[in-house]
Amino acid sequence: MDVKIHPSWKNVLSDYFQSDSFKQLAEFIRGEYQNKKIYPPAKLIFNALDLCPFDLVKVVVVGQDPYHTPGQAMGLAFSVPEGNKLQPSLQNIYKEIIDDLSLDQPIPESGDLTYLAKQGVLLLNATLTVEAHQAGSHQNMGWEEFTDVVIERLSEQREGLVFLLWGKYAKDKGAKIDRDKHLVLESAHPSPFSANNGFFGSKHFSKTNEYLESRGEIPIFWLDF
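Residues numbered from 1 in each chain as written. Predicted model: local features only at pLDDT ≥ 70, side-chain atom pairs only at ≥ 80, totals over all residues. Heavy atoms only, no water.

Asks: Give me the lowdown on the overall build of the protein chain, citing residues and values where you can.
Replies: Helix and strand counts for the protein chain come out as nine helices and six strands. Taken over the C-alpha trace, the protein chain has a radius of gyration of 17 Å; the compact-globule value for 225 residues is 17 Å, and the two agree within 12%. Along the longest, intermediate and shortest principal axes, the C-alpha atoms of the protein chain span 50 × 35 × 30 Å. Within the protein chain, the proportion of its 225 residues that are buried is 53%. (Helix = DSSP H or I, 4+ residues; strand = E, 2+ residues; numbered from the N terminus. Rg over C-alpha atoms; globule rule 2.2 N^0.38 Å. Buried < 20%, exposed > 50% of the residue type's maximum accessible area, 1.4 Å probe, protein only.)

Asks: I'd like a rundown of the sheet that holds strand β2 (residues 59-63), residues and numbers included.
Replies: Within a beta sheet, neighbouring strands are joined by backbone hydrogen bonds and run either parallel or antiparallel to one another. Within the open sheet, the four strands sit side by side as β3-β2-β5-β6. Their pairing is parallel. Single-partner strands in this sheet number two, and they are β3 (121-125) and β6 (183-187). Across the sheet, the mean angle separating the axes of adjacent strands is 20° when strand polarity is ignored. In this structure, β2 lies alongside β3, joined through five bridges in parallel fashion. Residue pairing across strands places V59 opposite V121, the latter belonging to β3. (Pairing = 2+ DSSP bridges. Axes fitted to C-alpha atoms, helices over the stretch in contact; angles between N-to-C directions.)

Asks: How would you summarise the UniProt feature "active site" (unreviewed entry) in the protein chain if you had to cite specific residues and measurements?
Replies: Under the present numbering, the feature "active site" (unreviewed entry) in UniProt falls on D65. Tracing the backbone through its elements, the reader meets D65 in the loop between β2 and α5 (88-100). Residues in contact with D65, not counting those within four places in the same chain, are N125, T127, V130, A135, G136 and Q139. (UniProt positions renumbered as here; feature names shortened; annotations may be inferred. Contact = heavy atoms within 4.5 Å.)

Asks: Explain the pattern of salt bridges to me, using residue names and the numbers behind them.
Replies: All chains considered together, the criterion is met by six salt bridges. Its salt-bridge partner being K36, residue E131 comes within 3.7 Å of it at the nearest N-O pair. Of the two residues, E131 sits in strand β4 (residues 130-131) while K36 sits in the loop between α3 (20-35) and β1 (38-39), which places them 95 residues apart along the sequence. Here K173 and D148 are joined by a salt bridge, their closest N and O atoms 2.8 Å apart. Of this pair, K173 sits in helix α8 (residues 168-173) while D148 sits in helix α7 (residues 143-157), and the two are 25 residues apart along the sequence. Through salt bridges that share partners, E32, K36 and E131 make up one connected network. (Salt bridge = Lys/Arg side-chain N within 4 Å of Asp/Glu carboxyl O.)

Structure (structure tokens):
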């Protein structure tokens, strides 16, 4: 697999890219793209890691898998390209940002979260690919091990990161995080089915910025004004 990824991540993950596990995953994914409609476009599989260098990560948001409908998956968890309709979970994320930070503005029309990735927010799905119209179709094929390694390397080699774990799936991915070195914030998932069970009112965005500022870091501008 031709991995389009920031050089810093290539260095951090070089041993894993040579492992049998990743080689098997790459062979499977290559075959899927050749024979089926797979999202996101192949060049965007590692978009989250390409836009957000290892040494500049401040915040990690863990999603589940890419959107499985045409034109929506772009390799960033919860994000959709400019011009696409906002997904319900992203609408709820925007609502919580606006309420948490007491912002006097409407929900943004754009769902492209590239501006967050460029500030050091790693928008990492646990599974990086999916077959069209088949939600979760590439789960348990090797991606979870890969993204576990990503989280583990961040936990081990960095300090003072914020991990935002929304929903059980994300919380389970947090098992490898050293909570003595990093801030871990957990809540319900922002999906309409669960947002009222603890995501709304969690104030994760202000808590993240307070933590970053306490460490002398520049806070995240959560909305693209």
